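# Close look at the chain arrangement
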Amino acid sequence: DNTVIRPMSPHNESLWNCEVPQDEKYKKLYGNYSYEEMNELWLAKLNEVVEAHCPDYIWFDFGQRFIQEKYRQQFLANYFNKAAELGKEVAVNTKQTYFFPKEVAMVNVELATMAEMRDEVWITDFILGSYWSYNKNHRTAMDPGFAIRLLADVVSKNGVMLLCAGPKPDGTFPEEQVETMKEIGAWLKRYGEAIYRTRPFTVYGEGPTHFTPDKEYGATMKGLDRLHEADIRYTRKDNVVYAIQLGWCDGETGKTLAAFADDKGLKVQSVTVLGSDEKIDWKQTATGLEVNQPEQKPAKADMAMVYKIILQ
């Protein structure tokens, strides 16, 4: 007998009442499973991936909420045990409602940043194009300067950025997305030491742009395009602090970094600008570290410029 299936698709009501074959050979195709069988299938698919490849990172969407906890626990045990067997470091993410405990998974937000620095590492997803997949009718790409400013904000708050590129049917990537990736890569090639293998500073940054946390998720999706050259985001590596200025300031070139005020207990040894050979005028005072931009704009500084501050 055929059974009436009611797919949860409010966008297309014609799909709400349809009959599908109940033949056993179509069981997987049409998802004619019990709830317990669907949980078993979910775990089996993941186990297959883990055994064959043991990826460095497995990303989950909100569908985790439909999986029973015992299956989620078994997946994590299988994944982490296999990684330990291979001597690998691996990671898994969870959505903000914490389908996996934060102690074993990174919190993931989409098209958003955190309003404040987090103690635990988190991850955010952004799309290079207009959609999560290729759309031939919408051929736009993220502005690379916007991407770099977002990256600096995310990393300063102990986050990691994942960029999604949508390939075309032939497997190649849209030219506009490739160009954006090349521009991002060109900036990172010059200034990546301010991003790679860094840790958060004592504060994530300073400047006029602050975000209001989302009431449910503690993240923000609004006002991301407000980040600009008056904003500073900090990263740190040992005794070096990187002050990433989110653009190039035309006109007024002086800036005071309040994070280095005398009462903060930090003693500055030297200040340079990555990508510039000019000597940078600087002075540490009671109100902060006073620095001046170089007279000549470094390459890619319109995207973001980096002060390298060495502490004593």
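Residues numbered from 1 in each chain as written. Predicted model: local features only at pLDDT ≥ 70, side-chain atom pairs only at ≥ 80, totals over all residues. Heavy atoms only, no water.

### Focus on helix α3 (residues 69-86)
The first and last C-alpha atoms of α3 sit 26 Å apart over 18 residues, in line with the 26 Å expected at 1.5 Å per residue. Within α3, the full set of buried residues consists of Y71, R72, F75, L76, Y79, K82 and A83. Along α3, the residues classed as buried sweep out an arc of 140 degrees about the axis, all on the same side. Facing away from the buried side of α3 by more than 90 degrees, the exposed set consists of K70, N81, A84 and E85. Looking one or two residues beyond α3, the residue adopting positive phi is G87, at roughly 70 degrees. (Helix = DSSP H or I, 4+ residues; strand = E, 2+ residues; numbered from the N terminus. Expected span 1.5 Å × (residues − 1). Buried < 20%, exposed > 50% of the residue type's maximum accessible area, 1.4 Å probe, protein only. Arc of directions from axis to C-beta.)

### Describing the pattern of salt bridges
Taken as a whole and judged by the stated rule, the model has 19 salt bridges. What emerges from the salt-bridge pattern is a single network uniting R139, K168, E175 and E176. (Salt bridge = Lys/Arg side-chain N within 4 Å of Asp/Glu carboxyl O.)

### Description of the packing of aromatic side chains
This structure, assessed with the given rule, holds 13 aromatic pairs. Each member of the aromatic cluster is reached from another via a ring pair, and the members are W42, F60, F75, Y79, F80 and F100. Residue placement shows K157 over the ring face of Y204; its charged tip is 4.6 Å from the ring centre. (Phe/Tyr/Trp six-rings, centres within 6.5 Å; stacked < 30°, edge-to-face > 60°. Lys NZ or Arg CZ within 6 Å of the ring centre and 35° of its normal.)

### What about the sheet that holds strand β13 (residues 254-257)?
Pairing is antiparallel in the open sheet, where three strands are placed in the order β13-β16-β15. Only two strands of the sheet have a single neighbouring strand rather than two, namely β13 and β15 (282-284). Adjacent strand axes in the sheet meet at a mean angle of 15 degrees when their direction is disregarded. Relative to strand β16 (residues 289-292), β13 runs antiparallel, the two sharing four bridges. For T256, the partnering residue across the bridge sits in β16 and is E290. (Pairing = 2+ DSSP bridges. Axes fitted to C-alpha atoms, helices over the stretch in contact; angles between N-to-C directions.)

### Side note on the sheet that holds strand β14 (residues 268-273)
Pairing between the strands of a sheet is mediated by backbone hydrogen bonds and can be parallel or antiparallel. The sheet built from five strands is open, its strands ordered β9-β11-β12-β17-β14 with antiparallel pairing. Each edge of the open sheet is held by one strand with a lone partner, namely β9 (205-206) and β14. Examined bridge by bridge, strand β11 (residues 232-237) and strand β12 (residues 240-245) share six bridges and lie antiparallel to one another. Across the sheet, residue R236 finds its bridge partner in β12, namely V241. Strands β11 and β12 of the sheet are contacted by helix α4 (residues 144-156), whose axis makes an angle of about 55 degrees with β11. (Contact = heavy atoms within 4.5 Å.)

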